[in-house]
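As a plain string of letters, each chain reads:
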Amino acid sequence: MAVPAARLLLLALEYRRDRVGLSVYMAGRLFDATGDLITLNPNAVPPPAELFERFLAWTRRRTGPGEA
């Protein structure tokens, strides 16, 4: 399954009205993935900002023009 499709499924089916829950869930996945990456190849762990973008940044609500 492609990443965007998986994200849409999480949003539509499991966390439609619970963005905080989605963020907590994805933070747990980020924690697990980081541990796996460090264990499997400690010399090739992506930078924290890259991992944040992949796991958490997309979970925030989109804002309209002029909104922060």
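Source: prediction; values computed, not measured.

Help me out: how do you make sense of the overall build of the chain in this one?
Looking only at helices and strands, the chain features 3 helices and 0 strands. Split into buried and exposed, the 68 residues of the chain put 19% on the buried side. Pairs at least 24 residues apart make up 55% of the contacts formed inside the chain by residues separated by at least 6 positions. Just so you have it, the chain exposes about 5,400 Å², and 60% of that area is on carbon and sulfur atoms.

Would you mind going over the nonpolar core with me for this structure?
With 10 residues, the main nonpolar core is built from L10, Y15, L22, M26, L30, A33, L51, F55, L56 and W58. Going through the elements one at a time, α2 (19-40) and α3 (48-55) are the ones with two or more residues in this core. Not counting chain neighbours up to four residues away, the residues in contact with L30 comprise L51, F55 and L56.

When you look at α2 in this model, what are you seeing that I'm missing?
Given 3.6 residues per turn, any residue in an α-helix points the same way as the ones three and four places further on. Taking 1.5 Å of rise per residue, 22 residues should cover 32 Å, and α2 covers 31 Å from first to last C-alpha, within 8% of that figure. Considered for burial, the residues of α2 that qualify are G21, L22, M26, L30 and A33. Residues of α2 that are buried sit in contact with α1 (3-14) and α3.

Whenever I open this one, the environment of T34 confuses me. Can you help?
Its location among the elements puts T34 in helix α2. A C-alpha to C-alpha distance of 8.3 Å links T34 and L51, two positions 17 residues apart in sequence.

Please explain the pattern of salt bridges as it appears in this structure.
One side chain can pair with another of opposite charge once the charged atoms of both are near each other. Scanning all chains against the criterion turns up 1 salt bridge. As a salt-bridge pair, R29 and D32 come within 2.8 Å of each other at their nearest N and O atoms. One end of the pair, R29, and the other, D32, are both in helix α2, 3 residues apart, so they sit about a helical turn from each other. A relative accessible area of 31% places R29 in the partly exposed class. Under the relative-accessibility criterion, D32 is labelled partly exposed at 37%.

Parameters and conventions
Residues numbered from 1 in each chain as written. Predicted model: local features only at pLDDT ≥ 70, side-chain atom pairs only at ≥ 80, totals over all residues. Heavy atoms only, no water. Helix = DSSP H or I, 4+ residues; strand = E, 2+ residues; numbered from the N terminus. Buried < 20%, exposed > 50% of the residue type's maximum accessible area, 1.4 Å probe, protein only. Contact = heavy atoms within 4.5 Å. Areas by Shrake-Rupley, 256 points an atom, 1.4 Å probe, with all protein chains shown as cover. Core = buried A, V, L, I, M, F, W, Y, C linked by side-chain atoms within 4.5 Å. Expected span 1.5 Å × (residues − 1). Salt bridge = Lys/Arg side-chain N within 4 Å of Asp/Glu carboxyl O.

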